[in-house]
Amino acid sequence: QKEVEQDPGPLSVPEGAIVSLNCTYSNSAFQYFMWYRQYSRKGPELLMYTYSSGNKEDGRFTAQVDKSSKYISLFIRDSQPSDSATYLCAMNLAGTYKYIFGTGTRLKVLA
Amino acid sequence: EPEVTQTPSHQVTQMGQEVILRCVPISNHLYFYWYRQILGQKVEFLVSFYNNEISEKSEIFDDQFSVERPDGSNFTLKIRSTKLEDSAMYFCASTFMGAGTEAFFGQGTRLTVV
């Protein structure tokens, strides 16, 4: 079983749609969770950072963590063509310095 | 807004040659990292560095790799004798504190080994 699983997509949605992106993980010792956006051949750009179960909102983005189910989500409201990118989840294992990344989900928002 | 900068953006090198990838982390950050991403694959951790020491490294980070903070601003990754399979995007990242804090990434150096 992979440590972090993420559907690679691509996920195509019309402009203005609500997008739901998800990751599951196997190790309950993961404590800190991040979502990154990555455009082609660019570096990951930090979107959201959370460390507790529940929701965190920032503008059009909402991050949700359910530690009991080992499941995290990123919701994008009013999606725009400029949101078209690969979305990476990343998580930190307690007691380590490294971040474990999912494979990323490719999102296409169609105008 | 502060950012992590990396140079060069693209490096082509011959197999067996040494390369040095350079990074300038965010100025008040204390922890520094290198990750790599082979084309089409996920971002993988290589090494973390704090207080002039490696704090953690992955299995990928073997004796061919080394890191250094030669001065107060730069952080470098050296690959001593490059192999074809070292071709990847290499990302530098930094955090203010250590494990579990927000990690900010540079735009990457695309390394092509021919």
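Note that the structure is a prediction, hence the values are computed from the model and not measured. Counting from 1, residues in each chain are numbered in the order their sequence is written. All chains are assigned letters beginning with A, and all ligands numbers beginning with 1, in the order in which they are written. Residue-level local features of this predicted model are given only where pLDDT is at least 70; pairs of side-chain atoms are given and counted only at 80 or more, and the full residue set underlies all totals for whole chains, interfaces and linings. Based on all heavy atoms of the structure, the side-chain values leave hydrogens and waters out of the count.

A. Seen up close, the interface of chain A and chain B. The interface is formed by 19 residues belonging to chain A together with 25 residues belonging to chain B. Once two parts are put together, the accessible area they lose, assessed with a 1.4 Å probe and summed over both, is termed the buried area. Between chain A and chain B, a total of about 2000 Å² is buried, with carbon and sulfur atoms accounting for 58% of that surface. Think of a salt bridge as a Lys or Arg side-chain nitrogen and an Asp or Glu carboxyl oxygen that are within 4 Å of each other. Linking chain A with chain B are zero salt bridges, by the criterion used here. Pairs of N or O atoms are called polar contacts if they sit within 3.5 Å, as long as, within protein, a hydrogen donor faces a hydrogen acceptor (for residues adjacent in sequence, only side-chain-to-side-chain pairs). Linking chain A with chain B are five residue pairs in polar contact (both at pLDDT 80 or more). Secondary-structure elements contributing two or more residues to the side of chain A that touches chain B are β4 (30-38), β5 (45-50), β9 (85-93) and β10 (99-101) of chain A. Counting from the N terminus, the helices are the DSSP runs of H or I reaching at least four residues and the strands are the DSSP runs of E reaching at least two. At four residues, the largest contribution of residues to the side of chain A that touches chain B is made by β4 of chain A. Gly counts as polar in this scheme, as do all residues outside two lists: the nonpolar Ala, Val, Leu, Ile, Met, Phe, Trp, Tyr, Cys and Pro, and the charged Asp, Glu, Lys and Arg. Of the residues assigned to the side of chain A that touches chain B, the class counts are 10 nonpolar, six polar and three charged. Should any heavy atoms of two residues lie within 4.5 Å, those residues are considered in contact.

B. Spatial organisation of the sheet that holds strand β8 (residues 75-79) of chain B. Residues and elements named next belong to chain B. Pairing between two strands is assigned when DSSP locates at least 2 bridges connecting them. With antiparallel pairing, the four strands of this open sheet are ordered in space as β1-β3-β8-β7. This sheet does not close on itself; its edge strands, each paired only once, are β1 (5-7) and β7 (65-68). Direction aside, the axes of adjacent strands within the sheet are offset by 20° on average. Note: strand β3 (residues 19-24) against β8, five bridges, orientation antiparallel. Bridge assignment links R22 to a residue of β8, and that residue is T76. Note on geometry: axes are C-alpha line fits, over the in-contact stretch for helices, and angles between N-to-C directions span 0 to 180 degrees.

C. Structural context of the side chain of Q6 of chain B. All names here are of chain B. For Q6, the position within the fold is in strand β1. For the exposure calls, accessible area comes from a 1.4 Å probe over protein chains only, and a residue counts as buried if that area is under 20% of its type's maximum, exposed if over 50%, partly exposed in between. Q6 gets classed as buried once you look at its relative accessible area, which sits at 10%. A polar contact is formed between the side chain of Q6 and the backbone nitrogen of G108, at a distance of 3.0 Å. Setting aside residues no more than four positions away along its own chain, Q6 makes contact with R22, C23, W34, Y90, F91, C92, G106, Q107, G108 and T109.

D. Structural view of the packing of aromatic side chains. For Phe, Tyr and Trp, where Trp contributes only its six-membered ring, two rings pair if their centres lie within 6.5 Å, and the inter-plane angle classes them as stacked under 30 degrees, edge-to-face over 60, or tilted in between. If you walk through the whole model with that rule in mind, you get 19 aromatic pairs over all chains. For the ring pair Y35 of chain B and F105 of chain B, a centre distance of 5.3 Å and an interplane angle of 55° mean the geometry is tilted. Of this pair, Y35 of chain B sits in strand β4 (residues 31-37) while F105 of chain B sits in strand β10 (residues 104-105), placing them 70 residues apart in sequence. F105 of chain B sits in the buried class, given a relative accessible area of 8%. Among the aromatic residues, those joined into a cluster by ring pairs are Y36 and F101 of chain A together with Y35, F45, F91 and F105 of chain B.

E. Looking closely at the pattern of salt bridges. Residue and element names in this part refer to chain A. For the structure on display, the rule yields five salt bridges over all chains. In this structure, the salt-bridge partner of D83 is R37, at a minimum N-O distance of 3.9 Å. Of this pair, D83 sits in the loop between β8 (71-76) and β9 while R37 is found in strand β4, placing the two residues 46 residues apart along the sequence. Across the pair, R37 and D83 agree in class, each one buried. Note that D83 and R60 form a salt bridge whose closest N and O atoms lie 2.9 Å from each other. Here D83 is found in the loop between β8 and β9, whereas its partner R60 is found in the loop between β6 (54-58) and β7 (61-66), with 23 residues between them in sequence. D83 gets classed as buried once you look at its relative accessible area, which sits at 1%. By relative accessible area, R60 is classed as partly exposed at 26%. Several salt bridges share partner residues, and in doing so they unite R37, E45, R60 and D83 into one network.

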